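# Chain and residue survey
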Amino acid sequence: MTKRVDRRKFLAGGASIATAGLAGCALTGSGSSDTIKLGILEDQSGNFALVGSPKHKASLLAIEEINNNGGINGQQIEYFDPDPQSNNQRYLELTRRMINQRNVDALWAGYSSATRETIREPAIDPNDQLYFYTTQYEGGVCDKNVFAVGPTARQQLGIVLPYLVEEYGSDIYTIAADYNFGQLSADWVKVLADENDANVIGEEFIPLSNSEFSSTISRIQDADPDFVMSMLVGSNHTSFYKQKASAGLDIPIGTSTAMAQGYEHLRLDPPAMSNIYAGVNYMEEVPTNRNTKEGGFVDRYYEKFPDAPYLNEEAENNYFSIYMYKRAVEQAGTTDQEEVKAALESGITYPAPEAPDGEEIKLVPETHHVNHHMWVMRADEEHNVEAVDDRVIDETFLKDTVGCDLTSKDEETQYTPQDYYEEAG
Amino acid sequence: MAIGLDLLVQFFPNFASIVLAATGLAIIFGIMGVINLAHGEFIMVGAFSTSLAYNGGIPFLPIDALPGLSRLIGAMLFAALVTALFGLLVERTIISGAVPNWISERTLGRPVVTPLYDRLLDSMVATWGLSLIMVQTFRNVFGNSLSGVPIPFGELSYGNSSIGLYQVLLAGVAAFVLIALYLVFVRTDYGMRARATIQNESMAQSLGVNTERTYMATFALGSGLAGLTGALYTPLLSIEPGLGSVFLVDAFVAVVVGGSSVVVGTLLSGGLLGIVDTLFSNVYGTFAGRIALLIVAIVLIRFIPQGLSSLVERLRERRLEVD
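Computed from a predicted structure; not experimentally measured.

Looking only at helices and strands, chain A has 14 helices and 16 strands in total. For 425 residues, the compact-globule estimate of 2.2 N^0.38 gives 22 Å, and chain A sits close to it at 23 Å. By principal-axis analysis of the C-alpha atoms, chain A measures approximately 95 × 45 × 40 Å. Taking all 425 residues of chain A together, the buried fraction comes to 61%. A total of about 15,600 Å² of accessible surface is found on chain A, and carbon and sulfur atoms cover 45% of it. Measuring between centres, the 33 positive side-chain charges of chain A sit 13 Å from its 69 negative side-chain charges.

Structure below.
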């Protein structure tokens, strides 16, 4: 009798091994219901791999830390991280798979605004899926299901533009990538210039496929501004910084896109990024104890990923938002998405690496955005990066100007500055 | 006056980028009837080789130990050579199918691949697939970006503007490449065989020209020129696997506008498109420059579908008739 039981056990074991073998990577998907399931869709290949893979890695770091410390309410986190390959069509397919087949409790997905919009209306909103979008972006998304926890253009430009006006003068020349993000960011430059008694004396939008900047450089020299605001995007546009250095264009440049995401100060030879000021909530060099002290965020990241090239702005956003999600689930006592959203709307805070000791960044209940601790980071001729200014900047566009209040009204809209400011548009 | 000077100086880098992007593509298209959609990726191979050689990433080849400018020039020549050899490999395996056919004749007893010569659409599909494979393979092997190469020489100041001297000098290199190609085609045995092969392949064969070897050499030459372009632009660009796509559009527009004659066509289209791009980019901005360039290309294709070089040929024929 005992023998038969043993044989049955053996058969059962063999069968489950065989199923596991057949199922392949689906093994993780058939996980038990007592785990918390997170979907992490970040680009590990394709055009956005350079900036997307740090997000992917930092997400895994947060999940590992949480699991090693007992999980969330005693439940371990199980994650699904197929590679969307920088392809929006694939993003849509994978998002649907995450929601319908994996039944994820929360989803982190996408680098660009184009990706967010590809999945938001067709997949996120119809399923009321709890979704974290963590890239710094143009701002304005007021959506019950979306927690856009990266800094907005108004926050990023709002720390660096006033600083440069104060330091260098009031004539601004804007160069921006010629698509949704660049156009809206340029509008924000105009709004902020107006608020700071400065003027935009020239503006140029550069197609994403362009990598030849001699005429742009010559036009900037003709206009002779006090500083340039650059919202250039992507590797083609990175050539601008090399070419302006070789042309001897030595002008301060403020930016919301360079250095913090694609670490141009490490990839390009000095002095390409000399005198460039980035307005960011985070980059690897941000000098807080939580970030750079021994055993801090940077140390933990490189201990898990010794070959990683950089820890970028969006990586920190993925990291702290997974911890914010943990706090919300613990508070709600359940992973039920509506109850977790309600908990996230209760004023969740977290001691993120971007904030100095004793300070926690706050998720604003009404707008699902974060009041970030913002930094102005300057690169010198040797590409050493130092902080020259920092303070908390609230998200004000949705909160005050638009009056978005998701705690009382269920909305799924994106607002743009043109609707509210004369200078924009 | 200042504007005129500005336009003149700005013309040089635009002319250089169009001509250098187009020559390799033009040679392969003009002589072999193969549209190489992986042209941008061949340029990328050149850029990656330059960056690796310059920064000491090539074992047993201490190019990074060379002094001063010779380090950069050594890395660039190495890159052109590597890309030419890579092109040779692609020609033998994918374009001509010689290697797979050699194997299949010994195992299956019959060839499996028909050469892609003069099969425009088929060659586009095959080389497009190749380009996708190359981009992701390079990403997997070398990562998302490579360390770059500093831009040599200083700046050239004129009026209250300035430009990198290197970008202006590239126009000289582009002109040199065109002259060298002209000499290769009219003064060398290879050039004569190549021209004979274009005019009438079967007649050339019956006169003893080994057209297959001509095709092989042509593809290697075109690839080597793509590699040289990648090498020359390495200092100006950020080095990542997708960089070839920037060149592909310019190259195609230039080849279509220029027509089948490699040297004359590329020179004329580089000159014309360079002027249009410079004028509109400078006065109305980069975006307007791109639009103007494409509009000119569309108009020219509508009215001179054979390309600018066909105009020159028609003129020459008319003069011969008069004589």
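Time to look at the UniProt feature "domain: Leucine-binding protein" (unreviewed entry) in chain A. UniProt tags residues 35-381 of chain A as "domain: Leucine-binding protein" (unreviewed entry). Regarding residues 35-381 of chain A, the helix share stands at 41% and the strand share at 19%, and the terminal C-alpha atoms are separated by 50 Å.

Between chain B and chain A, the residue contacts involve 37 residues of the former and 35 residues of the latter. Roughly 2,800 Å² of surface becomes buried between chain B and chain A when both sides are summed, with 42% attributable to carbon and sulfur atoms. Our count for the contact surface shared by chain B and chain A stands at 0 salt bridges. Between the two partners, chain B and chain A, sit 16 residue pairs in polar contact (both at pLDDT 80 or more). Elements supplying a minimum of two residues to the side of chain B that touches chain A: α1 (2-32), α5 (120-142), β1 (155-158), β2 (161-164), α11 (262-284) and α12 (286-303) of chain B. Grouping the constituent residues of the side of chain B that touches chain A by class yields 13 nonpolar, 19 polar and 5 charged.

Here we come to the sheet that holds strand β4 (residues 131-133) of chain A. Residue and element names in this part refer to chain A. Here we have 5 strands laid out as an open sheet, ordered β2-β1-β3-β4-β6, and parallel in their pairing. At either margin of the open sheet sits one strand with a lone partner, and together these are β2 (77-80) and β6 (146-148). When strand polarity is set aside, the average angle formed by the axes of neighbouring strands in this sheet is 25°. Sitting on the sheet, helix α3 (residues 88-100) touches β1 (36-41), β2 and β3 (106-109), and the angle it makes with β1 is about 180°.

Before going further, it helps to spend a moment on the side chain of A:Asp43. Residue and element names in this part refer to chain A. By secondary structure assignment, the location of Asp43 is in the loop between β1 and α2 (49-68). Among buried Asp, Glu, Lys and Arg side chains, Asp43 stands out as unpaired, with Lys55 the closest opposite charge at 7.4 Å. A polar contact of 3.0 Å, which involves the side chain of Asp43, links it to the side chain of Tyr91. Aside from chain neighbours lying at most four places away, what touches Asp43 is Phe48, Ala49, Gly52, Ser53, Asp83, Pro84, Gln85, Ser86, Tyr91 and Tyr111.

Here the structure, examined in full by the defined rule, presents 22 salt bridges over all chains. With a closest N to O distance of 3.3 Å, A:Glu204 and A:Arg219 form a salt bridge. With A:Glu204 in strand β8 (residues 199-206) and A:Arg219 in helix α7 (residues 214-223), this pair connects stretches of sequence that are 15 residues apart. The salt bridge partner of B:Arg290 is B:Asp250, with a shortest N-O separation of 2.9 Å. Taken together, the positions of B:Arg290 in helix α12 and B:Asp250 in helix α10 (residues 245-258) put the pair 40 residues apart, joining distant regions of the chain. Taken as a pair, B:Arg290 and B:Asp250 share a single burial class, namely buried.

Averaged over every residue, the pLDDT of chain A is 91; residues scoring 70 or more account for 92%. This stretch, residues 1-32 of chain A, has a pLDDT under 50; its non-local contacts, to residues over four places away or in other chains, come to 11 contacts.

Ranked by size, the top nonpolar core spans 79 residues in total, and within it B:Met32, B:Ile95, B:Leu181, B:Leu232, B:Tyr233, B:Leu243 and B:Phe247 carry the most contacts. If sequence neighbours within four positions are ignored, B:Phe247 has contacts with B:Ala21, B:Ile43, B:Thr229, B:Tyr233 and B:Leu237. In this structure, A:Leu50, A:Val149, A:Ile220 and A:Ala278 belong to the second largest nonpolar core, which totals 75 residues.

A separate point is unusual backbone geometry. Residue and element names in this part refer to chain A. Geometrically, the link from Pro270 to Pro271 is a cis peptide bond, its omega value of 5° lying close to zero. With a phi angle near 60°, Gln85 is a residue other than glycine that sits in the positive phi range. Checked against the element boundaries, Gln85 lands in the loop between β2 and α3. When its relative accessible area of 39% is taken as the criterion, Gln85 is described as partly exposed.

Right, let's talk about the UniProt feature "transmembrane region" (unreviewed entry) in chain B for a bit. UniProt's feature table lists "transmembrane region" (unreviewed entry) at residues 15-35, 42-63, 69-90, 125-143, 163-185, 215-239, 251-275 and 287-305 of chain B, given in the numbering used throughout. The annotated region residues 215-239 of chain B carries 76% helix and 0% strand content, and the separation between its end C-alpha atoms amounts to 31 Å.

What follows concerns the domain arrangement of chain A. All names here are of chain A. Parsing chain A into structural domains produces domain 1 (9-152 + 290-372) and domain 2 (153-281 + 374-392). With centres defined by C-alpha atoms, the gap from domain 1 to domain 2 works out at 30 Å. Opposite the 21 residues of domain 1 that make contact, domain 2 presents 24 residues. Between domain 1 and domain 2, roughly 1,900 Å² of surface is buried when both sides are summed, and carbon and sulfur atoms account for 49% of that area. Looking at the side of domain 1 facing domain 2, the largest losses of area belong to Glu138, Thr152 and Tyr310, adding up to 31% of the total buried there. For the pair domain 1 and domain 2, the number of links is 0 salt bridges. If you look at where domain 1 meets domain 2, you find 17 residue pairs in polar contact (both at pLDDT 80 or more).

For any two helices packed against each other, one specifies the crossing angle of their axes together with the interaxial distance. Residues and elements named next belong to chain B. One way to put it is that helix α3 (residues 68-95) packs onto α5 with a least axis distance of 12 Å and a crossing angle of 130°. Here α5 runs oblique to α3, going by the angle between their axes. At the point where α3 passes α5, the crossing takes the right-handed sense. Side by side, α3 and α5 meet where Phe86, Val90, Ile94 and Ile95 of the first sit next to Ala126, Thr127, Leu130 and Met134 of the second. By residue class, the composition of the contact of α3 with α5 is 7 nonpolar, 1 polar and no charged.

Here is what the cut-offs are and how they apply
Residues numbered from 1 in each chain as written. Chains lettered and ligands numbered in written order. Predicted model: local features only at pLDDT ≥ 70, side-chain atom pairs only at ≥ 80, totals over all residues. Heavy atoms only, no water. Helix = DSSP H or I, 4+ residues; strand = E, 2+ residues; numbered from the N terminus. Rg over C-alpha atoms; globule rule 2.2 N^0.38 Å. Buried < 20%, exposed > 50% of the residue type's maximum accessible area, 1.4 Å probe, protein only. Areas by Shrake-Rupley, 256 points an atom, 1.4 Å probe, with all protein chains shown as cover. Lys, Arg positive; Asp, Glu negative; His and termini not counted. Charge placed at Lys NZ, Arg CZ, Asp CG, Glu CD. UniProt positions renumbered as here; feature names shortened; annotations may be inferred. Contact = heavy atoms within 4.5 Å. Buried area = accessible area lost by both parts, 1.4 Å probe. Salt bridge = Lys/Arg side-chain N within 4 Å of Asp/Glu carboxyl O. Polar contact = N/O pair within 3.5 Å; in protein donor to acceptor, adjacent residues only side chain to side chain. Nonpolar A, V, L, I, M, F, W, Y, C, P; charged D, E, K, R; others polar. Pairing = 2+ DSSP bridges. Axes fitted to C-alpha atoms, helices over the stretch in contact; angles between N-to-C directions. pLDDT = per-residue confidence, 0-100. Core = buried A, V, L, I, M, F, W, Y, C linked by side-chain atoms within 4.5 Å. Domains from an automatic or database assignment. Parallel < 35°, antiparallel > 145°, perpendicular 65-115°, else oblique. Left-handed = near helix turned anticlockwise from the far one by under 90°.

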